Amino acid sequence: MRVLCAFPEAMPSSNSRPPACLAPGALYLALLLHLSLSSQAGDRRPLPVDRAAGLKEKTLILLDVSTKNPVRTVNENFLSLQLDPSIIHDGWLDFLSSKRLVTLARGLSPAFLRFGGKRTDFLQFQNLRNPAKSRGGPGPDYYLKNYEDDIVRSDVALDKQKGCKIAQHPDVMLELQREKAAQMHLVLLKEQFSNTYSNLILTARSLDKLYNFADCSGLHLIFALNALRRNPNNSWNSSSALSLLKYSASKKYNISWELGNEPNNYRTMHGRAVNGSQLGKDYIQLKSLLQPIRIYSRASLYGPNIGRPRKNVIALLDGFMKVAGSTVDAVTWQHCYIDGRVVKVMDFLKTRLLDTLSDQIRKIQKVVNTYTPGKKIWLEGVVTTSAGGTNNLSDSYAAGFLWLNTLGMLANQGIDVVIRHSFFDHGYNHLVDQNFNPLPDYWLSLLYKRLIGPKVLAVHVAGLQRKPRPGRVIRDKLRIYAHCTNHHNHNYVRGSITLFIINLHRSRKKIKLAGTLRDKLVHQYLLQPYGQEGLKS
């Protein structure tokens, strides 16, 4: 394999930097170092690092990167996105044509866009072109009905831009939508806490809007079909799915597919359990539906999208892999770090919490490799906090520690794709808020997309402590990851390397680049909280 990440010894940079200093995690989130060999990328001045008063540099970290061979190569769409079907319920689906939303999504392309979540298995497709005409006469929500009709009429006059339908929604319309979404958010939370979900109707028009958003944003749509429609013998009832497949094929929509969402929770949500072998048969049935449809005969299929790999979930995965392991193109699961109802800001800085994901990866890999060695594994629907997230925490600067560490750890352990829940949604786990403003994790994601390439490199760290403490490990609170730089980034030549570092220590750390990194030009991207709110900004 040809590797283009080595630093040629004949090209030391004259613009070398002194050792970089990392302040405590309470002040800084991450230091992203861009190491370049060429003066073509060296015409920008490296940014200075501010030294926080009263903080001593107690530790010197010697850092080197192995450039001979990548330890892993992940998907080009490694960082991908998710939209929850609840956007049908709260009305935000009608605003996916917003020029601002599409622009923000384009910044994170190329990527997959998974349309799925807890309400996937309550989603029913109806081939109705105009939902406004099918709602019947006025009822108690007549005001909202008229408002929705206004949206339908406004979409008739959408601007066409490179074949895409892009809209500029008036501020008054957005304000009305936010009011409606706030009301629906309470309903959605009540459903989530009670585990009783109402059915959702996805019309042909709504599917058109969803696909328009994905296609115009440079995202590949993965649609999760309802797996809870069951026949009396507990086999999957595919009638609604077949109708959706036929409609999508008639529109020539390029879509990949999935069946269900967290099947391990079906007994709680629906009172009917589906075991792993039955779910495997359902996936084989879905594959048989796709094959006769010309446009989907080779469409990718992903699953089973299980929850946290506890004992019963591992048993479900085992049964699924035994029956349908060769049917899916990648094995998928979900992860949530913290209960959103009890989370505190310092929870985001706990190394023990950051490492819970590593154990889950090993459990999933063990089952997958038993039946289909080398099969790709995806983490779908990763969230920092459950229950829709926590205001001023899961949407704040503090949550970035978990998100950046998740990206580094997953790539390092060979997970092919991670799908972030959610790009835009109700709650507080999203990347973009309901004013269409990007949140801290969006900027992290954007910088990651711009700088980080799919080839993962091995990092070598040596730490020298002035006062060694038995059992004390430096590296657990200093997370360092290295990749070849994204070759699509034309600001840097091939052979450049990107490091990203998270310092969770309470003390300043001094980083000295050694070995192949010595005397190389460094471009430093330092991300700090804004204003007086610190970690909660």
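Presented here is a report on the structure given in the accompanying data block. All values derive from a computational prediction rather than experimental measurement.

Cut-offs used in this document
- Residues numbered from 1 in each chain as written.
- Predicted model: local features only at pLDDT ≥ 70, side-chain atom pairs only at ≥ 80, totals over all residues.
- Heavy atoms only, no water.
- Disulfide = S-S within 2.5 Å.
- Helix = DSSP H or I, 4+ residues; strand = E, 2+ residues; numbered from the N terminus.
- Buried < 20%, exposed > 50% of the residue type's maximum accessible area, 1.4 Å probe, protein only.
- Phe/Tyr/Trp six-rings, centres within 6.5 Å; stacked < 30°, edge-to-face > 60°.
- Salt bridge = Lys/Arg side-chain N within 4 Å of Asp/Glu carboxyl O.
- Contact = heavy atoms within 4.5 Å.
- Polar contact = N/O pair within 3.5 Å; in protein donor to acceptor, adjacent residues only side chain to side chain.

Turning next to the state of the cysteines. Throughout the structure, instances matching the rule amount to one disulfide. Here cysteine 164 pairs with cysteine 216 through a disulfide, and the sulfurs are 2.2 Å apart. Since a negative S-S torsion denotes a left-handed disulfide, the cysteine 164-cysteine 216 link at about -115° is left-handed. Of this pair, cysteine 164 sits in strand β9 (residues 164-166) while cysteine 216 sits in helix α5 (residues 204-216), placing them 52 residues apart in sequence. The class of cysteine 164 is buried, set by a relative accessible area of 8%.

The next subject is the packing of aromatic side chains. Between two aromatic rings, the relevant description is the distance of the centres plus the angle of the planes. Enumeration over the complete set of coordinates arrives at 20 aromatic pairs. When the ring of tyrosine 211 is compared with that of tyrosine 253, the centres are 4.0 Å apart and the planes differ by 20°; the resulting orientation is stacked. Of the two residues, tyrosine 211 is situated in helix α5 and tyrosine 253 in the loop between α6 (239-250) and β12 (255-259); the sequence distance between them amounts to 42 residues. Here the two residues tyrosine 211 and tyrosine 253 agree in accessibility, since each one is buried. When the centroid spacing of 5.6 Å and the interplanar angle of 85° are considered together, the rings of tyrosine 442 and tryptophan 443 count as edge-to-face. A relative accessible area of 3% means that tyrosine 442 is categorised as buried.

Applying the stated criterion to the full structure yields twelve salt bridges. Its salt-bridge partner being arginine 114, residue glutamate 258 comes within 2.6 Å of it at the nearest N-O pair. Residue glutamate 258 is found in strand β12, and its partner arginine 114 is found in strand β6 (residues 111-115); the two are separated by 144 residues along the sequence. Owing to a relative accessible area of 0%, glutamate 258 belongs among the buried residues under this scheme.

Here serine 297 lies in the loop between α8 (276-290) and β13 (301-306). The exposure class assigned to serine 297 is partly exposed, which follows from its relative accessible area of 32%. For the pair formed by serine 297 and lysine 287, sequence separation is ten residues and the distance between their alpha carbons is 8.5 Å. If we ignore the near neighbours within four places in the chain, the residues touching serine 297 are Leu290 and Gln291. A polar contact is formed between the side chain of serine 297 and the backbone oxygen of arginine 294, at a distance of 3.1 Å.

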